[in-house]
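# Examining the three-dimensional arrangement
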Amino acid sequence: RSLPRPLDQRRGFGDSRARKRPVSEFDHGLLHRCRVVLVRPQVAGNIGATARVMRNMGLSELVLVAPQADPLAAEARQRSTHGEGILRTARIVADLEAALAECVFVAATAARVGGLMRRQSVGPPDRVLPRLIEALAAGPAALVFGPEPTGLTDTEVTRCHYLIHIPTDPSYPALNLAHAVAICLYELRRAWLGQARDPKPIAEIAPFADLDRMFTHLRAALEDIHFLYGPKAESLMHALRHLISRAGPSPMEVDLLHGLARQIRWYAAQYGPDP
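An account of the accompanying structure is given in this report. No experiment lies behind these values; they were computed from the predicted model shown. (Residues numbered from 1 in each chain as written. Predicted model: local features only at pLDDT ≥ 70, side-chain atom pairs only at ≥ 80, totals over all residues. Heavy atoms only, no water.)

### Some details on helix H9 (residues 177–195)
Which entries qualify depends on this criterion: In this description a helix means any DSSP run of H or I spanning at least four residues, a strand means any run of E spanning at least two, and both kinds are numbered starting from the N terminus. By this rule, a helix spans an expected 1.5 Å times one less than how many residues it contains. Each residue gets one of three labels from its accessible area relative to the maximum for its type: buried under 20%, exposed over 50%, partly exposed in between, using a 1.4 Å probe on protein chains only. We call two residues in contact whenever any of their non-hydrogen atoms come within 4.5 Å of each other. Polar contacts, as counted here, are pairs of nitrogen or oxygen atoms within 3.5 Å of one another; within protein the pair requires one atom able to donate a hydrogen and one able to accept it, and residues that are adjacent in sequence qualify only if both atoms are side-chain atoms.
In a regular helix each residue adds 1.5 Å, so 19 residues correspond to 27 Å; H9 covers 27 Å between its end C-alpha atoms and thus fits that length. Every buried residue belonging to H9 is among Leu177, Ala178, Ala180, Val181, Cys184, Leu185, Glu187, Leu188, Ala191, Trp192 and Gln195, and all of these are buried. Close packing links the buried residues of H9 with strand E1 (34–39), helix H2 (44–57), strand E4 (105–109), helix H7 (125–135), strand E6 (141–145) and strand E7 (162–164). At the N-terminal boundary of H9, the capping side chain belongs to Asn176, with an oxygen 2.8 Å from the backbone nitrogen of Ala178.

### Focus: the packing of aromatic side chains
Which entries qualify depends on this criterion: Centres within 6.5 Å are what make two rings of Phe, Tyr or Trp a pair, Trp counting through its six-membered ring; a difference in plane orientation under 30 degrees is then read as stacked, over 60 as edge-to-face, and the rest as tilted.
A complete count under the given rule lists three aromatic pairs for this structure. With centroids separated by 5.4 Å and ring planes inclined at 15°, the aromatic side chains of Phe105 and Tyr162 adopt a geometry described as stacked. Remark: Tyr162 occurs in strand E7 and Phe105 occurs in strand E4; sequence separation between them is 57 residues. According to the relative accessible area criterion, Tyr162 is buried, its value standing at 10%. Clustering of aromatic rings is evident, with ring pairs tying together Trp266, Tyr267 and Tyr271.

### Quick word on the environment of Gln263
Here Gln263 shows up in helix H12 (residues 251–271). Looking at Gln263, the relative accessible area reads 49%, which means it is partly exposed. Separated by 42 residues in sequence, Gln263 and Ala221 place their C-alpha atoms 8.5 Å apart.

### Observations regarding the environment of Leu218
When you line up the elements, Leu218 lands in helix H10 (residues 208–224). With 42 residues separating them in the primary sequence, Leu218 and Leu260 have C-alpha atoms 7.9 Å apart. Excluding anything up to four places from it in sequence, Leu218 contacts Ile244 and Ala261.

Following this line, the structure appears as structure tokens:
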């Protein structure tokens, strides 16, 4: 004699069945929009271990910026296990700007925080990565990890919207690169699982390359009127980049800022920085 079917499998309980369908039935396309970017990685094993954890957590796009280790070296392939396909399709680019060009959201890990360039928009993985998941509805996003010995430079940090600081013990805060990737991708998947059944709508966001061109234009305009001048210019521009980037401006709003920069430059050309 067969056992009675569970309530949610009996006739008349279709709504309950829909509510309880596994997350694996949802579209994974948005999660695949998140790329992992390793900047100047030096250890082939770390590249391989990164590919493995990407496969574990449902990501597939790996970008290597000027790698100093071969992603197809024996050590990398051995550490990747079932992620060898990710190694074979990894994209190699010359600089961080090329890795992020289409991205609407960029978060980077940093062991060092504070100071002029590293004190803004810093949070632990479980606070930053839900924001990244929300942004995936608008376009690709990136998780950026610096090279093993030094981490990202201040200049590279300024290209990122958020910094992720993993709260390690202060007596030994430096994490292995692959371990940092594993922690962040675990939190990323947790955030995705939490939002997969209830996606939040998000407005269109301009990609990184368009924002970068606008910031170059705006910087020139602000230099023309001496708002950016002297030793504080870099920190002021960094603050402006973060202020505007965190707002997630749309392409139309980026065009508006280009118009503002053009008008500032015209005014400075006509009347000088201090009429």
